[in-house]
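# Summary of the model geometry
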Number of protein chains: 2
Amino acid sequence: MTNDTNVTWHEHQVSRSLRESMKGHKGCVIWFTGLSGSGKSTVANTLDHKLHQMGVHSAVLDGDNVRHALNAGPGMLRGAHGDDFAERFGLGFTAMDREENIRRIGAVAHLFSQAGIIALTAFISPYRQDRDRVRRTMDAGEFIEIFVDTPLDVCETRDPKGLYKKARAGEIKNFTGIDDPYEAPSAPELVLQASEKTPGVLADEVIHYLTTQGIIGATA
Amino acid sequence: MTNDTNVTWHEHQVSRSLRESMKGHKGCVIWFTGLSGSGKSTVANTLDHKLHQMGVHSAVLDGDNVRHALNAGPGMLRGAHGDDFAERFGLGFTAMDREENIRRIGAVAHLFSQAGIIALTAFISPYRQDRDRVRRTMDAGEFIEIFVDTPLDVCETRDPKGLYKKARAGEIKNFTGIDDPYEAPSAPELVLQASEKTPGVLADEVIHYLTTQGIIGATA
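Residues numbered from 1 in each chain as written. Chains lettered and ligands numbered in written order. Predicted model: local features only at pLDDT ≥ 70, side-chain atom pairs only at ≥ 80, totals over all residues. Heavy atoms only, no water.

## A short note on the packing of aromatic side chains
Evaluation of the coordinates by the stated rule reveals 9 aromatic pairs over all chains. Centre to centre, the rings of phenylalanine 147 of chain A and tyrosine 182 of chain A are 5.8 Å apart; their planes meet at 15°, and the pair counts as stacked. Within this pair, whereas phenylalanine 147 of chain A is found in strand S4 (residues 143-148), its partner tyrosine 182 of chain A is found in the loop between helix H10 (163-168) and strand S5 (190-192), the two being separated by 35 residues in sequence. Classification of phenylalanine 147 of chain A as buried rests on a relative accessible area of 13%. With 5.0 Å between their ring centres and 80° between their planes, tyrosine 164 of chain B and phenylalanine 175 of chain B make a pair best called edge-to-face. Taken together, the positions of tyrosine 164 of chain B in helix H10 (residues 163-168) and phenylalanine 175 of chain B in the loop between H10 and strand S5 (190-192) put the pair 11 residues apart, joining distant regions of the chain. Of the two residues, tyrosine 164 of chain B and phenylalanine 175 of chain B, both sit in the buried class. (Phe/Tyr/Trp six-rings, centres within 6.5 Å; stacked < 30°, edge-to-face > 60°. Helix = DSSP H or I, 4+ residues; strand = E, 2+ residues; numbered from the N terminus. Buried < 20%, exposed > 50% of the residue type's maximum accessible area, 1.4 Å probe, protein only.)

## As for the pattern of salt bridges
The tally for this structure, following the rule as stated, stands at 36 salt bridges over all chains. Among the ionic pairs, aspartate 97 of chain A bridges to arginine 88 of chain B, the shortest N-O distance being 3.6 Å. Pair noted here: aspartate 97 of chain A is in helix H7 (residues 95-114) and arginine 88 of chain B is in helix H6 (residues 83-89), and the two residues belong to different chains. Given the relative accessible area of 7%, aspartate 97 of chain A is considered buried. (Salt bridge = Lys/Arg side-chain N within 4 Å of Asp/Glu carboxyl O.)

## Section: the UniProt feature "active site" (unreviewed entry) in chain A
Look at the UniProt record and you will see "active site" (unreviewed entry) annotated at Ser125 of chain A. Assignment of secondary structure puts serine 125 of chain A in the loop between strand S3 (118-122) and helix H8 (128-136). (UniProt positions renumbered as here; feature names shortened; annotations may be inferred.)

If you want it as structure tokens, here you go:
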């Protein structure tokens, strides 16, 4: 290559603020936490839908799209990558594996936020320390922790996947709320009383919060 | 919770096509591959800049934003997560660790694509099998492999970070192109002659390709 071509090889990085001005809103991470069956995923998807209708760019990260690829267990990896690889990199449900699960989700949500998108994460994320570590990787105001506060007995009555029943029968071990602790946030940005209101009302509460924080425009 | 609240708990998922119609373009993954110093990151960032100016939503994944968090090495993880965690989950540069590095990047790029964004990845990704595995996780036409075809001697002359010099001196082991192989794509969607053209011209070649494929509008 010639020298005069060489001088043109500099970076043209798009700044975060430029990206945000194009989209008309800021990027951030809305981190839903709560028991299995509390309504995290339903509220996140309802919120995603409402934001979309408002022209706000959002994306949902939940078990459906993360546990099958990015944070797959050994069984999912074995076919394409072999046994040794699957054992080395597959994520299970030990405390350390759960920590890594949350760490990666936080890192990906951060990438979305940096790209100007409102990332909605819906994971039990039971340990306060793991959530706080994710918070510390982000800018002030970027990590919005929302406690989906549905009592255990309500979650257990809903039991959409029959998991509580299996946990009570001892067929699933280390199940959050049964034989593994759930640590509620000590200072969440928002608490949703998800046993008393519809997903639409709860999503509106989040939208109201985002508006008051200047993350989305009042007329977005 | 009452039964009449319960019936409203259904999902409102935003379909991919709805997301794409809002943004006015499709999501996809543009996977740049090539030697260190070939110009992957510069072309990706230049392309990102041009797409931004066209109102197209894109995001760059490269070593700068991936190796410090999502795919951090043990050293980066140790402080926040402890020694055992860092050893268990930190990524090094063995063949298996490189495979996992690429696997995760592919999974994240796919999440971006599913959210309607054009994800631009800029990693050496030297092994054909690893790139092909990523391709197989995606829909037809979603994974666009671009070979940044800069000859080794040009890359070595550029050597922006002095890595080739260190590799030649034996201070870095398993360096792609020196003592570790680079496997060029056998059927890439596009080949860029990056030693002969400016990043702006190369980015325009990619934009032309995206237009012919109907991923972005001709007037986008």
